Each structure stands twice: as C-alpha cells, then as structure tokens.
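Per-entry structural report
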Amino acid sequence: MGTMPDFEDHAAQEVKYSTCYMCACRCGIKVTVENNRIRYIQGNPDHPVNRGVLCAKGNAGIMKQQSPARLRQPLMRKPGTERGAGEFEPVSWDEALDVLTRRLARIRASDPRKLAFFTGRDQMQALTGLWASQFGTINWAAHGGFCSVNMAAAGLYTMGHAFWEFGDPDWARSKYFMLWGVAEDHASNPIKLGIEQLKRRGAKFVAVNPVRTGYQAVADEWVSIRPGTDGLFALSMIHVLLRNDQFDRDYLLRYSNAPWLVVDTPGQKGHGLILRDEAGKPLCWDEAAGAVADASRTDIRPALFGDYTAPDGRPVRTVMTLLAERYLDPEYAPEQVSGRCGVPAEQIERLALEMAHVAFRETIEIPCRWTDAYGRQHDRFIGRPVSMHAMRGISAHSNGFQTCRAIHLLQILLGTVDVPGGHLAKAPYPKPIPPGIKPARETAPDTPLSGPPLGFPTAPEDLVIDAEGRPLRIDKAYSWDAPISPHGLMHMVITNAVKGDPYPIDTLILFMANMSWNSTMNTRGVMDMLREKGEDGEYKIPFIVVSDAFHSEMVHHADLVLPDTTYLERHDTISLLDRPISEPHAPADSIRQPVLEADRDVRPWQEVLVELAGRLGFPAFTREDGSRRYSSYQDFIIHYEKEPGIGFLAGWRGKDGDQHLRGEPNPRQWEAYANNGCFFAHHLEDHQKYYRFCNRDYLELARHAGWVGSTEPIVQQLYSEPLQRFRLAGEGLYDGPCPSSPEHRERLTRYFDPLPIWYPPLEHGRIDEEAYPFHAITQRPMFMYHAWDSQNAWLRQICSANVLYMNRARAEAMGIPDLSWVWVESHLGRMRVQVKCIEAVEPDTVWTWNAIGKQPGAWGLSTDADEGRRGFLLNHLISELLPQRGDALDGMTNSDPITGQAAWYDLRVRITPADPGEAGTWPEFEPVRPLPGAQPSPGEVRYHSHRPVRLGRSLWDVLTRRG
C-alpha cells in the first residue's frame, strides 16, 4: 500500500477563539485559520454557553464570511439621484466621517433630539446607549420594542428578572417543564442541551404553541393554543390552583408582596395603592398583634388573606385577597375559557394539577446552610421542580405584557422562581423591581443627558412628556401612548418622523436595523415613507445613515453607508453591562477578537462610535484639554469605568489582572480573555445559588459587582403598584400628571391593571373577525436567524423559499389542495402565496418562516434567486398603526398599550383559493441595483481554504486501510 498524501499543512494553521454571532446564543467558538482563510469553525468545549456544541448556523459562519453581500467601502448617494434608487459613489473614510461629524456637530449644538439613533439585533447596547446619552439625544433605542420588550418589562416589574437572556430553567433538576411561544431559533444550542437533559431524566415537557415544530415536536404534550390567548390559559390554570388550595403559602409570605395591604377606597385618590408607613415601608396585618406592621419584619405573623382597617380608618385588603377574589371568579374556570383558547377544559385542569403535584409532592431539598437578607438562618434550599420558559410568541402581542405577568404569577404561586428545579435568574439579575433607572427627559445643546435614554418608570412623573403632556421622543416611548416602554418603539420611528409627529428630525442613524424590510411592519408603506418628500421638494427625513456589514434592503435608502466588519474581523464585548453570556450559577461575559484580517475598506462600528465621540468632544470620551481620552475601542473597553472598578469586562481586572468582577483597569485585559478562550466565568458558591432575590451572600456579591445598589431583599410583586399609579392617572385620581385625551384615559384605566389580566389583542377589536378568521404568525427556523442567514450559501440549501402552512383538515374543508396557491388578505393588503397542508398547526392559525423572503438583488443574491421571487414576508400585511375606524384611536400605534411592543403576532387574515392560472408569489418588488465594487452573485458556490486532494482509491483500500 502506498503512503497517504499530505492533506494539509497543519504547521501553517492557527486556532483562534472567539464568540459566535450567527444568532443571539453567543456560543464559544474555535476557528482554525490558514493564510487568512477559515479552515473550519468548531464549538469551544470549555465555553459555559454551548459546551462545545455548535449548530448549522455556527458552522456556516464560513459562508457568512464569504458572502458576496459584504459591504466593501463607504458609500454616499450620488448628488441629484433619488433616495432608494441605489446610485452610490465610493468615498474615503475620512470624507465620510467628516461629512457625518459636521452634520452631527450642528445638530448637537442646536437640538440634539434631531438625531434619532436606533439599532437592530446588535449586542453592544451599553456602548450605543452611552454614546447617545453623551450626544444628548433621547431618541435612542434598540430592537427590543419590535421583539421582546413585553417579556423583559413584565419580568422586571414582577420578579426582577425574566425569560430569554435574564434567566433559564434549572435544566439539571426540573421535573416538569412548560415552554410557551418559543420557536426553534430561540437560544438554540442551550435549549437543545437543556431539553436533552430533561428527556434523559424522564421529566415531562409540555409545549404551548399554535405550531408544532422544532422544540414542540419533541415535547411529551403539545397544547395547540390559539395565538394571543396564552394569558387567559395561564389565568385559568391559576383559577384551578386557587380552587384546589394548591399554592406555596410560605413562599408567598416570605418572598412576595402577597401579604401587603392595599387601600380599598374605589373612586378616591389613593385607591389601590399599597398602605405604607411614614418612612414609605409597606405594611401588612400582624395576626399575633391584631394590628398593621412593617411587612419586612420577621418577628410577626403576617396575614395572607383578610380585610382590615388601617390606623387612619381606611379599609384595606391583602394582595392575596384581591388576587383570589379576581381569579376564583367563574369567568376563569377552564370550561369558560376553553372555547376561546382552543384548549380543552380537561387539559387545562389536568396540566395545572400536574404542576401542583410535582411542585408540592416531588419537592427537592438541597442541604446547604445559607442566610437570607433578613438575617434568618436556613439549613437547606427547598425547590419546587417546575420550570417554564417563554419568548416571542407570548411577547409579540398587544396583550403580551399582561400575559407575561400572568405566567410569572403562575410561577410565583407554585414557588418556582429562583429555587432548585425552577426558573433561575442569570447575573446581573435579579434587579430591584423595577430597576431604579429612570429615562432621561431634559435635553440641551452640547450637553449630555443626565441619565440613560431608557429606564423604568414607576409613576406618571417619570414620563418623557412636556408640560402639555406631548411626547418628547420621536418614537413616543414613555408617553401616554406607551408609558412603560424600556426598549423604545423602533417600529414607529420612520412613520412618526415622516409625519413630523411630534416633530421632524434631521438625521436618522440605523445600525444593523433592516427598517425597510423584515424589521418593520407595513413594508411597502415604510419604503415609500423613506422616500417621501415635503412640499419644498426635500426628503421628510433629510439624512439617513446606515451601518451594516451586509447589503440589506435598507442600504439602498441610505444617504451615507458606513460598512461594518463581520464578527470574525473585529474586537467586541458581550458585557455584564449589556447582554452577557451568564449561566444561572456562573456570571459570565466574553469577547470577540479578530480571527481574520478584513480584506475590504471597512471599520467596526464600535471603532466608528469611539472616533465620532472623540471628534464631537463628548465629555466621557475626552480630557479637559479636549484631547481624545481613548485611542481605540480596545482602549475604551480597558479604561472606561461606569463606576470605580466596574467596566465593560468583569474578568482579570486590577493592575496585575488578579481581580474579578471589580478592580482597576488592566492594560492586558484583552490578552487575558484571549488566553482563556475569550470568556470569563465566576462560579457561585453553593450557598449563593438559589433564592438570590433574598440571599444575603449573593446580594453582597451583586452589590460588590455593581449589579444592585443595595443588599435589600427583592420582593416579588404579584400586585404592581406602578401600574396602579398609571391607572389612577387615567381615572383622574392621581396627584400628578394625568392625560387629557379620552382615549389615553380609557387605555390607562382598562389596561394598567395591577393584577395580571387578559384582553383580546387590540387589532382584533377593530376589524370584523368573521371576515378575517385566521391568525397569521411567523416563526424563525433553527437554521437561520432574522435576515442574516438566508443569504448564506450553505443554509440556503436547507430552505430558500417559504410557503404558508395551514391545517390540513381546515384546508380540505375550504377546498384548498396541498401546494395550491391562495390569496392572503388582511385589513392592510393582500398577497398570493403557496400553501402547504400539515397537521401540526392549530386549525385557526396559518404560519410561515420569517425573513426568508428578500427584495431581489439584495444580500448579494441574484435577481432571480428563490428568496426574491418565491420567498415572501407577512410583514407586508401588518400595519404599524391600528386599523382605522374613524375614531380617536386612528393613528394609534399597533402595539401593546403598556410597553409599546410591536404587535406583529396580532395579524388576522382571510384565505381564499387563487383562480386557475393564478400562480407565483405576489407582490413582486423591483430588483435593487448592485453596489459599486460589489462582487457578482455566483451561480455556484464552492469553498475550500486550499486545493482539495483528489484520491483515486480502490474499494479494497478503503475497507482495509488502517490510519
């Protein structure tokens, strides 16, 4: 036998560690590089997030790097050409930044609000938020208002953390897991690893989702719920628990506001507020003394139920009394809600009692000495091994905030929050309820904001409105339209700016935000608005800057294009100040480092922001003499401190790199991370791992690390006093700002209930539901993420065009054959798509994959690619405004009235068969022009880092050769 040839020269290869950016999991990766080309990408087995696992997206990062869609140089729209026509001319970085600096300096010196800066699915919002605050504009936010603000806000106003990046199920100990509204793109590798643990141990897995794909397909039980009714389903299970006396009394008394007293004086000022002493401390009823007492005292016997009289003579009731009275009402009985949810009454009752059985009959006890925040000693952690997780299918409804609160209430009643086997917080959470940051309001020329642009209102005084109650932000966040909107309303920026409501802007900067396509509603209308001119012939949004690494649809609507690097070409931080990679028992953060040298004239957006901050003289970025404080983004990350000892990276701090979580800057911090696989993890001690909202040792660590401001216990809020303050304002019973318009008063009174409620999605109440009988939703597939990856040559082979999935029996009853063409019509518009009949979808629901469809020619794809000709977006049928009915709500955002969350899962449609001969996806969009210097879209894609070795081997050689 001859010797085997050398397949590759390993001596010429180098392995570099970094953090994946093919989705939001932030998995650790090791990249083998040869001659500045990727040989392959693997998972990092030491990384806390993925433990070596890597999905198809992560492996396909190679083709992300090879994409012909990569932007190659700064571009400016040619003078005299129309916006959207795609006629650009290359410019140097110096020229591009000079133009932008002059424009931004003029805005900052006159009215900083005239700059609107909004970012998409980036992972550096601590930096972009700091930059906006230093500029002095309140018009900054990220993509969360279009994605998951209901999820975040509901958790932070209820239990101090939330689902998604704020917490995780205790995969190792949970015995009963309920997954709500989660598509398979969500936390892909961690959830797959977690479900594998559950299944291996024999835990029950229940999936609540109108669609049975991905995670749902491997669930032990599928609850095929109708979209938008999850809150009603949760409240019905709460009804069952209360009716059967199945709730954790001790947990509620110790760790929640269930025993707090609520003033019961309907129609009077102060009604529904918590009874407090002169120091502002909440009061409860001490059954031993027969009097009110400080609810934080441990030497009393607080009453969980009861009606009492306060010392000043006002009637008061415990929170738990109000809660029980509300949900024991027959309207929440399973037989009453079943028809609305599409879930059989027997199933609702059984699931509730199954969870109660596991929580209270299969309790976990972990021997461990720990001390709570009140100083009480404990010798064990008691765990209720029921866990839950939820995401976009719950969040993206106009009733999503209250639905998320209902799910959290279900968890708290069972005593499953931050206990063994339950749902665990991830550092820097839990936070005080809500976090103490308030949104900045006042702006002045050449002056930074007094605080961050985003925060957490607790009362109408915190709103960002003027003396007449008008919104001060361009997206109308923190106004009477959406009072508690801690992620902003990115989907309303363009519409409001074009209307000049509440005022016109000068410049719009968008980073990684595809706001003319899949990150917006009413796609065609928004594209028209981006090109809309006033009577003077000038664009209503005068100047648009787009920074992206790829040629998205939004690029063509830019006046200035600033090309970003890929995630394999830059330094980056995944910070505990931002969106960390923490696991429940290990606060963690990570970095990206360049594993390749960029072969184009591109710059990381982080570097551009630091450069602009220095040019514009931001105080946090310059010295007293006006010179730049930071030479680069890496220098900024090392030396910037939010407070003494607290920076963007928590590991290897201190002059010698021997301090963690807090310490002075370390000039070799980046190197330390690179030497540790590009991540840092601090492992909690056993006595710090649970009950962290009331665990003294954990809270002391959290205060040391800057995650909380004090070691006071974080009391879970079943009843939300901030919501009641806003409701009193709607009723005109609040000593402070109150809305003047009837529609705002009605919205506050109806929706700002301090106890979780359910109401039909807002769009449904403004259309003829019989005329639009189907719910239409989207999901993101496990093999793609947003629009980033449907350009990817490897991932496109899995799916390059989408269809509309429809329940087979329902389709057959309507005479719609499999793979036939149908018209899908909403109140906004219509489209023609192909139907695929399946059993795994709720009968009143149709759905499709999101972000597959592309505008022809965008993303480096050929103009005849399937994505542009056969793919489609439901976004074309969704309005950013509520359906018009000729009333005061015309022009109101199609969003959750509390948080402003875009309600793109509220869509209702009708389906009709296309006529014979009607085929093909419609509407069609005009192809976009190739950009200057763009690589042509290849007809065939092959990738190898060096020439492949061709072997001619006999079958005998293949079967017998060893080694």
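As shown above, the structure is provided for reference.
Read on for a plain summary of the structure. Quick caveat: nothing in here was measured; it's all calculated off a predicted structure.

Secondary structure summary: the protein contains 25 helices and 32 strands in total. For 963 residues, the compact-globule formula gives about 30 Å, and the C-alpha radius of gyration of the protein, at 28 Å, lands near that figure. With the principal axes as the frame, the protein shows a C-alpha extent of 90 × 70 × 65 Å. When each of the 963 residues of the protein is scored for burial, the buried share is 64%. In the structure as shown, the protein presents an accessible area of about 33600 Å², 47% of it carried by carbon and sulfur atoms.

Applying the stated rule across the entire model yields nine cavities of 30 Å³ or more. Approximately 360 Å³ is the volume found for the largest cavity. Residue lining of the largest cavity: 28 residues in total, with R121, M512, D548, W788 and W859 positioned closest to the centre. Tallied by class, residues from the lining of the largest cavity come to 13 nonpolar, nine polar and six charged.

Looking now at the pairing of strand 9 (residues 176-180). Taken across its five residues, strand 9 has five buried, putting it largely inside the fold. Here strand 9 shows no split at all, with Y176, M178 and W180 on one side and F177 and L179 on the other all buried. Handedness of the strand 9-helix 7 (residues 188-201)-strand 10 (residues 204-208) crossover: right-handed. Pairing of strand 9 with strand 19 (residues 386-390) involves five bridges; the strand directions are parallel. The residue bridging F177 from the neighbouring strand is S387, located in strand 19.

Its place among the elements puts T32 in strand 2 (residues 28-34). Ignoring any residue separated from it by four or fewer positions in sequence, one finds T32 in contact with Q13, E14, V15, R37, I38, R39, Y40 and Q42.

Turning our eyes to something else, we now look at the pattern of salt bridges. Applying the stated criterion across every chain yields a total of 71 salt bridges. Measuring nitrogen to oxygen at the nearest pair gives 3.4 Å for the salt bridge that ties R113 to D111. Assigned by exposure class, R113 and D111 land together as buried. In this structure, D697 and R696 form a salt bridge, with 3.6 Å as the shortest nitrogen-oxygen distance. You can call D697 buried: its relative accessible area is 18%. You can call R696 partly exposed: its relative accessible area is 33%. Residues participating in the shared-partner salt-bridge network are K204, E221, E346, R350 and E354.

A few words on the packing of aromatic side chains. Under the criterion given, the structure shown has 45 aromatic pairs. Measuring from ring centre to ring centre gives 5.2 Å for F621 and F636, while their planes differ by 10°; the resulting arrangement is stacked. With F621 in the loop between helix 17 (605-616) and helix 18 (633-639) and F636 in helix 18, this pair connects stretches of sequence that are 15 residues apart. Overall, F621 belongs to the buried group, its relative accessible area being 2%. Both rings, one in Y630 and one in F636, keep their centres 5.2 Å apart while their planes meet at 85°; by these two values the pair is edge-to-face. As far as the burial class goes, Y630 and F636 line up, both buried. Grouping aromatic residues by their ring pairs yields a cluster made of F117, W131, F135, F511, W605, F618, F621, Y630, F636, Y640 and F648. Across the ring face of Y698, the terminal group of R692 is positioned such that the distance to the ring centre comes to 5.8 Å.

Criteria and cut-off values
- Residues numbered from 1 in each chain as written.
- Predicted model: local features only at pLDDT ≥ 70, side-chain atom pairs only at ≥ 80, totals over all residues.
- Heavy atoms only, no water.
- Helix = DSSP H or I, 4+ residues; strand = E, 2+ residues; numbered from the N terminus.
- Rg over C-alpha atoms; globule rule 2.2 N^0.38 Å.
- Buried < 20%, exposed > 50% of the residue type's maximum accessible area, 1.4 Å probe, protein only.
- Areas by Shrake-Rupley, 256 points an atom, 1.4 Å probe, with all protein chains shown as cover.
- 1 Å grid on protein atoms, 1.4 Å probe; cavity = no way out; pocket = protein on both sides within 12 Å on 5 of 7 lines; lining within 4 Å.
- Points joined across faces, edges and corners; volume = space filled by probe spheres on them.
- Nonpolar A, V, L, I, M, F, W, Y, C, P; charged D, E, K, R; others polar.
- Right-handed = clockwise from strand over helix to strand, strands pointing away.
- Pairing = 2+ DSSP bridges.
- Contact = heavy atoms within 4.5 Å.
- Salt bridge = Lys/Arg side-chain N within 4 Å of Asp/Glu carboxyl O.
- Phe/Tyr/Trp six-rings, centres within 6.5 Å; stacked < 30°, edge-to-face > 60°.
- Lys NZ or Arg CZ within 6 Å of the ring centre and 35° of its normal.

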